Amino acid sequence: MTASPETIDQICKLLEPFNSTGKALTSDTEISADLNIDSVAVMDFVMEVEDHFDIEIPLNVVSETHSISDLAAVVDARVKKA
Amino acid sequence: MIDLLDKHKTIAERHARMMTMGVNAVGLTNDKILSPTRAMINGRETILAGTNNYMGITFDVDCIKAGQEAMAEFGTGTTGSRIANGSYALHKELEAELARFLKRKHCIVFTTGYQANLGMMSGLAGPKDTIFLDADSHSSIYDGCTLSGAKLVRFRHNDATDLDKRLTRSEGEEGGRLVVVEGIYSMLGDRAPLADFVAVKKKHGFQLLADEAHSFGVLGPHGRGLADEAGVEDDIDFIVGTFSKSVGAIGGFGAGNHPMFETLRYAMRPYMFTASSSPASIATSLAAIRKLAAEPERRDRLRANSARLFAGFKGLGLDMGCDMVSPVIAVKCADEVSTIGMWNALLEAGVYVNIALPPGTPNKLCLLRCSVSAAHSFDDIDKIIALFGKVVASRAAA
Ligand SMILES: Cc1ncc(COP(=O)(O)O)c(C=O)c1O
């Protein structure tokens, strides 16, 4: 699965408010591990992504996505389906 | 070899950091419990204001006697599950009493409230179904949802419009839909807007479960919980509750009117594969539930105490978790370090409250959480207010 650069870009923008590490976000950034974001905050962030793209990302899917590009691929697939 | 415990290093570091800041907030020891509202902690008599002992029933003489008699008659433990070893007459008596109290046709008792949620979520929903759960749901609900294998969709806390939107997004998918809300939310003390959720239910059609852990025995004209208070019991398909709070024992339950409800006993692994609760616990629960039914004045006292604490904190200008009177009253604090400092200072001054920090709280809040008891005196409440005035009011502002 490859994600579009635009989706990655938009996800980075949505993730920035949750990033307290000051690390630059790239497609390879691991959302929870690299940014030290706790499990609840990850779910809150995904809710923002769901609403931004008007799609549904079940928690079961969230638990299998680690990097920004993983999540972007999920978003692209679900936007296309919707 | 990778050491399996390596992954918990950040937790260990955080715990060590907290320990250097004073008393161990998660490892606190009550050396002696003197009453529902008093304990000896660090050699000091302390007012307990963080026990969820809403009805103050833990030292009730009739409940203690019922527990002692049951232990003498049925022994110390049940040594197995009800499926394997059979039920004790007491289990069935408790289920019948609870069904009567709740005005529900069926009731199943579990060993803890945590297991009640694991059992009910996984018994009701399966891999083809979808569970829509409130974002602020208790961990036992999250864990139950995971155990079910269902698709999990989280909606914004107490937001029926947001649920409506998410239900619309998933329209046309296969499988049943379960929506899960709580009566009183344990961290902030706020309540689900049940009438709004019922309206969404009428629009979309789903089955609705309410976890009344903190509201059972506490809310409503009959003490049946938030659904009783809101007058929407007929629209709530399933209720979950615990005996660990207003009932002052250990155990949990699920209840409902569904004609196939009893079948769940053979479909819920957290019911089937764990020992049933001890005779003493069952008997004290039974005695306590009879008291909750017969003594509504306990609820009046809890309400009066909660209103007094709420007004006192408001007078101090504290920022509270919700803007209505609730037996759970949480004070929002600025950051982790100051919250730990204030929690320690309160304990040293003689009052125990809960400290709640992220990720155990919604929206990264740092909280000093009080739970009020019917057994608190007005004098206790006034002391708690005075101590929060001294320790917290000047420092809590976020
Ligand atoms: C909302 C909620 N549900 C379930 C439980 C679990 O109850 P128990 O302590 O009986 O396991 C709790 C409290 O612990 C709770 O706050």
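Values in this document were obtained by computation on a predicted structure and should not be read as measured data.

What counts and how
Residues numbered from 1 in each chain as written. Chains lettered and ligands numbered in written order. Predicted model: local features only at pLDDT ≥ 70, side-chain atom pairs only at ≥ 80, totals over all residues. Heavy atoms only, no water. Helix = DSSP H or I, 4+ residues; strand = E, 2+ residues; numbered from the N terminus. Rg over C-alpha atoms; globule rule 2.2 N^0.38 Å. Buried < 20%, exposed > 50% of the residue type's maximum accessible area, 1.4 Å probe, protein only. Contact = heavy atoms within 4.5 Å. Areas by Shrake-Rupley, 256 points an atom, 1.4 Å probe, with all protein chains shown as cover. Lys, Arg positive; Asp, Glu negative; His and termini not counted. Charge placed at Lys NZ, Arg CZ, Asp CG, Glu CD. Domains from an automatic or database assignment. Buried area = accessible area lost by both parts, 1.4 Å probe. Salt bridge = Lys/Arg side-chain N within 4 Å of Asp/Glu carboxyl O. Phe/Tyr/Trp six-rings, centres within 6.5 Å; stacked < 30°, edge-to-face > 60°. Lys NZ or Arg CZ within 6 Å of the ring centre and 35° of its normal. Polar contact = N/O pair within 3.5 Å; in protein donor to acceptor, adjacent residues only side chain to side chain. Axes fitted to C-alpha atoms, helices over the stretch in contact; angles between N-to-C directions. Parallel < 35°, antiparallel > 145°, perpendicular 65-115°, else oblique. Left-handed = near helix turned anticlockwise from the far one by under 90°. Nonpolar A, V, L, I, M, F, W, Y, C, P; charged D, E, K, R; others polar.

Whenever I open this one, the overall build of chain A confuses me. Can you help?
Assigned secondary structure in chain A consists of 4 helices and 0 strands. Along the chain direction, N to C, the helices and strands of chain A fall in the order α-α-α-α. Relative to the 2.2 N^0.38 estimate, which gives 12 Å for 82 residues, the radius of gyration of chain A is 11 Å and therefore close to what a compact globule would have. Expressed along its principal axes, the backbone C-alpha trace of chain A runs to roughly 35 × 25 × 20 Å. Across the 82 residues in chain A, those meeting the buried criterion constitute 46%. Long-range pairs, those at least 24 residues apart, make up 55% of the contacts in chain A between residues at least 6 apart in sequence. In the structure as shown, chain A presents an accessible area of about 4,300 Å², 51% of it carried by carbon and sulfur atoms. The averaged location of the 16 negative side-chain charges in chain A is 6 Å from the averaged location of its 5 positive side-chain charges.

Quick question: what am I supposed to make of the domain arrangement of chain B here?
How big an interface is tends to be expressed through the accessible area that disappears when the partners come together. Residue and element names in this part refer to chain B. The domain boundaries assigned to chain B delineate domain 1 (4-57 + 296-397) and domain 2 (61-294). One C-alpha centre belongs to domain 1, the other to domain 2; they are set 26 Å apart. With 26 residues of domain 1 in contact, the opposing surface of domain 2 contributes 25 residues. In total, domain 1 and domain 2 occlude about 1,900 Å² of area from one another, counting both sides; carbon and sulfur atoms represent 60% of this. Here domain 1 is connected to domain 2 by 0 salt bridges. For the side of domain 1 that touches domain 2, the secondary structure elements donating two or more residues are helix 12 (297-315), strand 11 (328-333) and strand 14 (366-371).

Looking at this model, I keep getting lost on the packing of aromatic side chains. Mind explaining?
Centre distance and the angle of the planes are the two values used to describe a pair of aromatic rings. Residue and element names in this part refer to chain B. Under the defined criterion, the tally for this structure stands at 10 aromatic pairs over all chains. Pairing Phe238 with Phe261 gives two aromatic rings, centres 6.2 Å apart and planes at 25°, and the pair type is stacked. With a gap of 23 residues between them, Phe238 in strand 9 (residues 238-242) and Phe261 in the loop between strand 10 (252-256) and helix 10 (269-272) connect regions that are remote in the sequence. Both residues of the pair, Phe238 and Phe261, belong to the buried class. Ring centres of Phe313 and Phe388 lie 4.6 Å apart, and the angle between their planes is 40°; on these two criteria the pair is classed as tilted. Taken together, the residues span a long stretch of sequence, with Phe313 in helix 12 and Phe388 in helix 14 (residues 378-391) at a distance of 75 residues. Judged by its relative accessible area of 0%, Phe388 is buried. Three or more aromatic residues joined by ring pairs make a cluster, and in this case those are Phe101, Phe216, Phe243 and Phe253. The ring centre of Phe378 lies 4.1 Å from the NZ or CZ of Arg308, which sits over that ring.

How should I be thinking about the pattern of salt bridges in this particular structure?
Close approach of charged atoms allows side chains with opposite charge to pair. All names here are of chain B. All told, the structure shown has 41 salt bridges over all chains when counted by the stated rule. A salt bridge links Asp162 to Arg156; the nearest nitrogen and oxygen atoms lie 4.0 Å apart. Overall, the relative accessible area of 4% leaves Asp162 in the buried class. Of the charged contacts, one joins Lys383 and Asp379 as a salt bridge, the two residues approaching to 3.4 Å between their closest N and O atoms. Highlighted residues: Lys383 and Asp379, both in helix 14, separated by 4 residues, approximately one helical turn. Judged by relative accessible area, which is 46%, Asp379 ranks as partly exposed.

Just to check I follow, could you spell out the interface of chain A and chain B for this structure?
Listed by partner, the interface residues are 15 residues for chain A and 19 residues for chain B. Carbon and sulfur atoms supply 46% of the area buried between chain A and chain B, which totals about 1,500 Å² over both sides. At the boundary of chain A with chain B, the tally comes to 10 salt bridges. For the interface between chain A and chain B, the tally reads 14 residue pairs in polar contact (both at pLDDT 80 or more). Among the secondary structure elements, those contributing two or more residues to the side of chain A that touches chain B are helix 2 (39-53) and helix 3 (59-62) of chain A. When residues in the side of chain A that touches chain B are grouped by element, the largest group, 8 residues, is from helix 2 of chain A.

Explain unusual backbone geometry to me, please; I cannot follow it from the model alone.
Peptide bonds are, in most cases, trans, and in most cases residues other than glycine have a negative phi. Residue Pro359(B) is bonded to the preceding Pro358(B) through a cis peptide linkage, with omega at 5°. Tracing the backbone shows Pro359(B) in the loop between strand 13 (354-356) and strand 14. A positive phi angle, near 55°, is found at Asn36(A), a position not held by glycine. Mapping Asn36(A) onto the fold places it in the loop between helix 1 (5-15) and helix 2. One non-glycine residue, Asn363(B), adopts positive backbone phi at about 55°. One can find Asn363(B) in the loop between strand 13 and strand 14.

Explain the packing of helix 13 (residues 336-349) of chain B against helix 14 of chain B to me, please; I cannot follow it from the model alone.
Angle between the axes and distance between the axes: these two values describe a pair of packed helices. All names here are of chain B. At their nearest, the axes of helix 13 and helix 14 sit 10 Å apart, and the two run at 135° to each other. Comparing their axes, helix 14 and helix 13 come out oblique. Regarding helix 13 and helix 14, the two cross each other, and that crossing is right-handed. Taking contact as the criterion, the partners of Met342, Ala345, Leu346 and Ala349 in helix 13 are, on helix 14, Leu387, Phe388 and Val391. Broken down by class, the residue content of the contact of helix 13 with helix 14 amounts to 7 nonpolar, no polar and no charged.

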